[in-house]
Amino acid sequence: THCVSGCVCPHNQVLDGKGGCIAAEDCPCVHNGNSYSPGESIRVGCNNCTCRNRKWHCSEEPCLETCSVYGDGHYTTFDGKRFDFEGDCEYVLVQNYCGQQGMNQGTFRVITENIPCGTTGTTCSKSIKVFLGNYELILSDGQSDVIQRTPGGKIPFQIRSMGIYLVVDTTVGLILMWDKKTSIFIKLSPSFQGHVCGLCGNYDGNGNNDFTTRSQSVVRNVLEFANSWKVSSSCPNANRTKDPCTANPYRKAWAQKQCSIITSEVFAKCHSQVEPNEYYQACVDDACACDTGGDCECFCTAVAAYAQACNELDICISWRTPSICPLFCDYYN
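The model shown is predicted, which means the values in this text are computed figures rather than measured ones. (Residues numbered from 1 in each chain as written. Predicted model: local features only at pLDDT ≥ 70, side-chain atom pairs only at ≥ 80, totals over all residues. Heavy atoms only, no water.)

Let's talk about the overall build of the protein
Counting its secondary structure elements, the protein contains seven helices and 19 strands. For the protein, with 333 residues in total, the buried portion stands at 47%. Summarising the internal contacts of the protein: among those between residues at least 6 apart in sequence, 47% fall at separations of at least 24. Surface exposure of the protein reaches about 17000 Å², of which carbon and sulfur atoms provide 49%. (Helix = DSSP H or I, 4+ residues; strand = E, 2+ residues; numbered from the N terminus. Buried < 20%, exposed > 50% of the residue type's maximum accessible area, 1.4 Å probe, protein only. Contact = heavy atoms within 4.5 Å. Areas by Shrake-Rupley, 256 points an atom, 1.4 Å probe, with all protein chains shown as cover.)

Listed below in structure tokens is the structure:
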């Protein structure tokens, strides 16, 4: 219906923003700048939200939050804080041996070993070590090895394949996904909120205090924070590395062209849900940095990280083609 007398709507109707009137219950809901009609549902975290009477009505399932590490030192904490860090050492990603509870009260620790993956000083995750009970799980060179440190006890995890990922399901509420290269996604149960520490942050819902050092100080400097989580004090502290595209200017145009797939129409339906520009910039940096071979692998890993973030919100993008990061489907099936 059209509005009357200078755009005043009849009783029980409201302006629709287009010069017309609609019933109040027919108004859309807005999420990330997009409008959704009554009855439409979206995924927010692990919950479904349905638009009704201009408001979102969401289920209230407790969600596992994710910490991700990929490519040339790109980190996103459980609380969503993003940072880049290049250090050539072993670092604690996440553990629940924190603060006053000391070294005897925790149940798990996840460590990443980083190595140089280009001439500009950038580093990539080479291997992952998971310490759980009497067991140590080592993920390296596309393989998984289990070490039992003392006899007895049931293995507290299961290992399975899911597409390109190797998935570790533990009995303590931790899930680890590894692409057998340089991407790691760690999912934690809400029961650990505020009880973990490491490069993945403290998981308390506030990204502003995620730079908490091993000594429990909240700092602003990425290097001070990340260097404090070295496993061995004999490792040298990392310093800020050169901008890879400045160091390798001949690779910049190629990197920008390749990585533009992230901001292109291919991922259009994800852009409003997962901000693409930071993933694009990380992709460009990685594509410039990987100048010792494997440049396509660095690019593919960076795009796959954005695709995985979209997939977490049930937005599945078919972005791989025979010419862009193809997978051998028969092998992975």
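Digging into the layout of surface pockets
In this structure, the largest pocket occupies an estimated 840 Å³ of space. Considering the residues around the largest pocket, the lining is formed by 30 residues, among which Glu65, Thr66, Ala309, Glu312 and Leu313 are closest to the centre. Of all elements in the fold, only β5 (41–44), β8 (65–70), α5 (277–289) and α6 (295–311) reach the threshold of two or more residues within the lining of the largest pocket. Looking at the lining of the largest pocket, the element that brings in the most residues is β8, giving five residues. A class-by-class count of the residues in the lining of the largest pocket yields 13 nonpolar, nine polar and eight charged. (1 Å grid on protein atoms, 1.4 Å probe; cavity = no way out; pocket = protein on both sides within 12 Å on 5 of 7 lines; lining within 4 Å. Points joined across faces, edges and corners; volume = space filled by probe spheres on them. Nonpolar A, V, L, I, M, F, W, Y, C, P; charged D, E, K, R; others polar.)

Structural notes on the pattern of salt bridges
A complete count under the given rule lists five salt bridges for this structure. Between Arg43 and Asp314 there is a salt bridge, and its shortest N-O distance comes to 3.2 Å. Separated by 271 residues along the polypeptide, Arg43 in strand β5 and Asp314 in the loop between α6 and α7 (329–332) bring together distant segments of the chain. Judged by relative accessible area, which is 27%, Arg43 ranks as partly exposed. With a closest N to O distance of 2.6 Å, Glu312 and Lys187 form a salt bridge. Of this pair, Glu312 sits in the loop between α6 and α7 while Lys187 sits in strand β19 (residues 184–188), and the two are 125 residues apart along the sequence. (Salt bridge = Lys/Arg side-chain N within 4 Å of Asp/Glu carboxyl O.)

With respect to the state of the cysteines
The tally for this structure, following the rule as stated, stands at ten disulfides. Through a disulfide, Cys98 is tied to Cys197; the S-S separation comes to 2.0 Å. Judged by the sign of its S-S torsion, about -95 degrees, the bond between Cys98 and Cys197 is left-handed. Linking Cys98 in the loop between β11 (90–95) and β12 (108–116) with Cys197 in the loop between β19 and α1 (222–227), this pair joins segments that are 99 residues apart in sequence. (Disulfide = S-S within 2.5 Å.)

Focus on the nonpolar core
Formed by 46 residues in total, the largest nonpolar core has its most connected members in Leu176 and Ile186. Excluding residues that lie within four positions of it along the chain, Ile186 makes contacts with Glu65, Thr66, Cys67, Phe78, Leu93, Val94, Val110, Leu174, Ile175, Leu176 and Cys200. (Core = buried A, V, L, I, M, F, W, Y, C linked by side-chain atoms within 4.5 Å.)

What about α5?
Between its first and last C-alpha, α5 extends 18 Å over 13 residues, near the 18 Å set by a 1.5 Å rise per residue. By the criterion of burial, α5 is predominantly enclosed, with ten of the 13 residues buried. (Expected span 1.5 Å × (residues − 1).)

Details of the packing of helix α3 (residues 252–259) against α5
It is the contact of α3 with α5, at a shortest axis distance of 8 Å, that shows an interaxial angle of 140 degrees. If you check the angle between α3 and α5, you find them oblique. Handedness of the α3/α5 crossing: right-handed. The segment α3 lies against α5, with Lys252, Trp254, Ala255, Gln256 and Cys259 engaging Tyr280, Cys283, Val284, Ala287 and Cys288. Of the residues contributing to the contact of α3 with α5, the split by class is eight nonpolar, one polar and one charged. (Axes fitted to C-alpha atoms, helices over the stretch in contact; angles between N-to-C directions. Parallel < 35°, antiparallel > 145°, perpendicular 65-115°, else oblique. Left-handed = near helix turned anticlockwise from the far one by under 90°.)

Remarks on the packing of aromatic side chains
Any aromatic ring pair is given by two values, namely how distant the centres are and how the planes are angled relative to each other. A full pass over the atoms with the stated rule returns 13 aromatic pairs. On the basis of an interplanar angle of 55 degrees and a centroid distance of 5.1 Å, the ring pair of Tyr279 and Tyr306 is categorised as tilted. Here the residue Tyr279 occupies a position in helix α5, and Tyr306 occupies one in helix α6, the gap between them amounting to 27 residues. Both residues of the pair, Tyr279 and Tyr306, belong to the buried class. Taken together, the aromatic side chains of Tyr70, Phe267, Tyr279 and Tyr306 make up a single cluster linked through ring pairs. Residue placement shows Lys81 over the ring face of Phe211; its charged tip is 4.9 Å from the ring centre. We note Arg109 situated over the ring of Tyr97; from NZ or CZ to the ring centre the distance is 4.2 Å. (Phe/Tyr/Trp six-rings, centres within 6.5 Å; stacked < 30°, edge-to-face > 60°. Lys NZ or Arg CZ within 6 Å of the ring centre and 35° of its normal.)

Things to note about the sheet that holds β5
The three strands are arranged β5-β6-β7 in an open sheet whose pairing can be described as antiparallel. Edge positions in the sheet fall to β5 and β7 (55–58), since each of these pairs with one other strand and no more. Across the sheet, the axes of successive neighbouring strands diverge by a mean angle of 35 degrees, strand direction being ignored. Bridge count between β5 and strand β6 (residues 47–52): four bridges; the pairing is antiparallel. Among the inter-strand pairings, Ile42 is bridged to a residue of β6, identified as Cys49. (Pairing = 2+ DSSP bridges.)

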